[in-house]
Amino acid sequence: MDSTLPLPTPPLPTVPATEKILLTIIGLGLLALLPAAFAADAFQARVSLYVAMALVSVGTLLWAARKFGGHPAGVQQDNLWLRSSTSRGSIAWLTAIVLTGFYVILYWFSSPDEQGNFGLFNNLIHALDPLSQTLRQRPADQWFLYGTFYTLAILVMGGRALWKYRHSPYQRIRTVSVMFFQLGFAYLLPSLLLAFQRPEYYFSYFWPLKYDYLFPGTVSYLLKDGGPGLGVFMVFWGAVISILGTPVLTYFFGKRWYCSWVCGCGGLAETAGDPYRHLSDKSREAWRWEVRIIYPILGLIVLVTVLLWLGVSGMLPAWATTSQPSSIGLFNNLSPVDALSKFYGFAIGAVFSGVVGVGFYPLLGNRVWCRFGCPMAAYLGLLQKHFSRFRITTNGAQCISCGNCSNICEMGIDVKQYAQRGEPIIRASCVGCGMCSTVCPRGVLNLENGPREGRYQASQLISAESLRILS
């Protein structure tokens, strides 16, 4: 028998007619974005945008109900590596190009000019003026468009996740949590603050993720425009949660309290990015690059924050804090410290977190930013690994080496290797999403907040000989 002959690829199951109809509705909603973006008539553009959002939202929720509700409860990861959309095929590449293009246009080709035009997204942005006037008492801008699309994606795809993981109480509660914090704390509340002529403040984002919240300029702005009551509370809230609340909460619950329950970046990854979670690279080389990239980014934002405060205090030389020409390319009209701050905002805050972090979902997985770039994830990860009670315990004697846990891990952790050995999973990158436990057919994995004593102790039931048999 010729061992070089390729195995035949099994055919994909036929898509039922009902699902095709619902997918067609979603497609029509996406097509409706074209007249919304390019129609000359403002009323037509506005109607097209709201029709598009309605068709995509209703179609997706009905499709999820048909797709997942029509089957027995439980995670079914069938055919993920056979579909072009979830295996880095042509559909995945097209999706990545569209998402990346959206971020590029939003960040660099949608700034308003003197006439209030927003470039390529002008029609889409002005189509949201009535909603923006209702919520914020001001016309829409590119960031309101982004926030609306972002929130809608989390809510709609959150509904999909609730259908898909309806058998798991943990996943249901966690999904509702990220939907609630995105809608309430990252969309409605900042809009209402603007309506009352107060600073737009996101109470669910903290330094170092929202890196400028502890910058001297932002602190001064909040204190001035927020007033003696609200402004002081905003500064107090941001500083206390970042410096005190984060370590305390991470000690008791691990980084999951934020990365999987509150954070908007994590919320989008867990909902809209759920179809791509299996694409995360599980190799040791990928882990090495993770360490090489994410911790220097954390160090950089800490350095920038410290330098800015030293500059305000007068402890830095005048050339470092005054507007003298700098040698940092695009930022050569700023002082060196301000140029470094702007460079961080451009390279990390825009390119990495937006263009790469979301645009590359269909190619690199849904947690590229969280795994390789987010300074908040790095900060929380150090606390989780060295000072937390959180761990994922494993009952190695029950592991059947099916690999479901490793396949679904969005953070690139080869969970199966821990489960086979009966070792607790204590990794800085783990966001505590609990998917490995959810998909395990044997109940091997459990998320626990136990005592720190014996936290790293492996199961005594697993011997080296049994591992050699497995390999």
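The shown structure was predicted, so the numbers you read here are calculated from the model rather than taken from an experiment. (Residues numbered from 1 in each chain as written. Predicted model: local features only at pLDDT ≥ 70, side-chain atom pairs only at ≥ 80, totals over all residues. Heavy atoms only, no water.)

Peer 1: I tried to follow the nonpolar core on my own but got confused; where do I start?
Peer 2: Proteins that are soluble and globular tend to have nonpolar side chains buried together. Counting residues in each nonpolar core, the largest one holds 93 residues, and the members touching the most others are L209, Y258 and L445. Per element, the largest residue contribution to this core is eight residues, and it comes from helix α15 (residues 336-356). Here this core spans two domains, and each of domain 1 (284-377) and domain 2 (384-449) adds at least three residues to it. Counting eight residues, the second largest nonpolar core, distinct from the first, contains Y213, L222, M234 and V235. (Core = buried A, V, L, I, M, F, W, Y, C linked by side-chain atoms within 4.5 Å. Buried < 20%, exposed > 50% of the residue type's maximum accessible area, 1.4 Å probe, protein only. Helix = DSSP H or I, 4+ residues; strand = E, 2+ residues; numbered from the N terminus. Domains from an automatic or database assignment.)

Peer 1: Please explain the packing of aromatic side chains as it appears in this structure.
Peer 2: Each aromatic ring pair is characterised by the separation of its centres together with the angle its planes make. In the structure shown here, the tally under the stated rule is 30 aromatic pairs. Centre to centre, the rings of F180 and F181 are 5.3 Å apart; their planes meet at 75°, and the pair counts as edge-to-face. The class of F181 is partly exposed, set by a relative accessible area of 21%. Relative to F252, the ring of Y251 has its centre 5.0 Å away and its plane inclined at 85°; by these criteria the two rings are edge-to-face. You can call F252 partly exposed: its relative accessible area is 40%. An aromatic cluster of at least three residues, connected via ring pairs, comprises F102, Y103, Y107, W108, F121, W143, Y146, F149, Y150 and F346. One residue, R292, lies across the ring of W289, its end atom 4.7 Å from the ring centre. (Phe/Tyr/Trp six-rings, centres within 6.5 Å; stacked < 30°, edge-to-face > 60°. Lys NZ or Arg CZ within 6 Å of the ring centre and 35° of its normal.)

Peer 1: Looking at this structure, I do not really get the side chain of S242. What am I missing?
Peer 2: Relative to the assigned elements, S242 resides in helix α10 (residues 227-253). Looking at S242, its side chain comes within polar contact range of the main-chain oxygen of G238, at 2.7 Å. The residues contacting S242, other than those within four sequence positions of it, are F206, W207, L214, P247 and Y379. (Polar contact = N/O pair within 3.5 Å; in protein donor to acceptor, adjacent residues only side chain to side chain. Contact = heavy atoms within 4.5 Å.)

Peer 1: How should I be thinking about a nonpolar patch on the surface in this particular structure?
Peer 2: A contiguous nonpolar patch, built from I243, L244, V248, Y251, F252 and F253 and spanning about 570 Å² of accessible area, is present on the exposed surface. Along the polypeptide, F253 turns up in helix α10. Residue F253 is classed as partly exposed on the basis of its relative accessible area of 39%. (Patch = residues over 30% accessible without salt bridge, like charges linked within 9 Å, V, L, I, M, F, W, Y side chains within 5 Å. Areas by Shrake-Rupley, 256 points an atom, 1.4 Å probe, with all protein chains shown as cover. Salt bridge = Lys/Arg side-chain N within 4 Å of Asp/Glu carboxyl O.)

Peer 1: Sorry, what's going on with the UniProt feature "transmembrane region" (unreviewed entry) in the protein here?
Peer 2: Listed under "transmembrane region" (unreviewed entry) in the UniProt record, and renumbered for this structure, are residues 49-69, 90-109, 143-163, 175-196, 230-253, 293-312 and 343-364. Each end of residues 143-163 is marked by a C-alpha atom, and these two atoms are 30 Å apart; helix forms 100% of the span and strand 0%. End-to-end, the C-alpha atoms of residues 343-364 are 25 Å apart, and along that stretch the chain is 82% helix and 0% strand. (UniProt positions renumbered as here; feature names shortened; annotations may be inferred.)

Peer 1: Sorry, what's going on with the pattern of salt bridges here?
Peer 2: Two side chains carrying opposite charge are able to pair once their charged atoms lie near each other. For the coordinates displayed, the defined rule picks out twelve salt bridges. Across the pair D274 and K164 runs a salt bridge whose closest N-O atoms are separated by 3.0 Å. Of the two residues, D274 is situated in the loop between α12 (264-271) and α13 (284-313) and K164 in helix α7 (residues 142-164); the sequence distance between them amounts to 110 residues. Here D274 and K164 have matching classes, each one buried. For R367, the salt bridge is made with E410, and the minimal N-O distance between the two is 3.4 Å. Note that R367 is positioned in the loop between α16 (361-364) and α17 (368-372) and E410 in the loop between α19 (404-408) and α20 (415-421), a separation of 43 residues in sequence. With respect to class, R367 is no different from E410; both count as buried.

Peer 1: Help me understand the pairing of strand β1 (residues 390-394) in this model?
Peer 2: For a regular strand, side chains alternate in direction, first toward one face of the sheet and then toward the other. Taken across its five residues, β1 has five buried, putting it largely inside the fold. Residues of β1 alternate between two faces, with F390, I392 and T394 on one and R391 and T393 on the opposite face, all of them buried. When β1 meets strand β2 (residues 445-449), the two strands line up antiparallel, connected through five bridges. Residue pairing for β2: F390 is matched across the bridge by N449. (Pairing = 2+ DSSP bridges.)

Peer 1: Would you mind going over the packing of helix α4 (residues 90-108) against α7 with me for this structure?
Peer 2: Two measures define how a pair of helices packs: the angle their axes make with one another and the distance between the axes. Here α4 crosses α7 at 150°, and the two axes come no closer than 10 Å. Put simply, α4 runs roughly antiparallel to α7. The two elements α4 and α7 meet at a crossing, and its hand is left-handed. Of α7, the residues touching α4 (which contributes F102, Y103, L106 and Y107) are Q142, W143, Y146, F149 and Y150. Looking at the contact of α4 with α7, its residues break down into eight nonpolar, one polar and no charged. (Axes fitted to C-alpha atoms, helices over the stretch in contact; angles between N-to-C directions. Parallel < 35°, antiparallel > 145°, perpendicular 65-115°, else oblique. Left-handed = near helix turned anticlockwise from the far one by under 90°. Nonpolar A, V, L, I, M, F, W, Y, C, P; charged D, E, K, R; others polar.)

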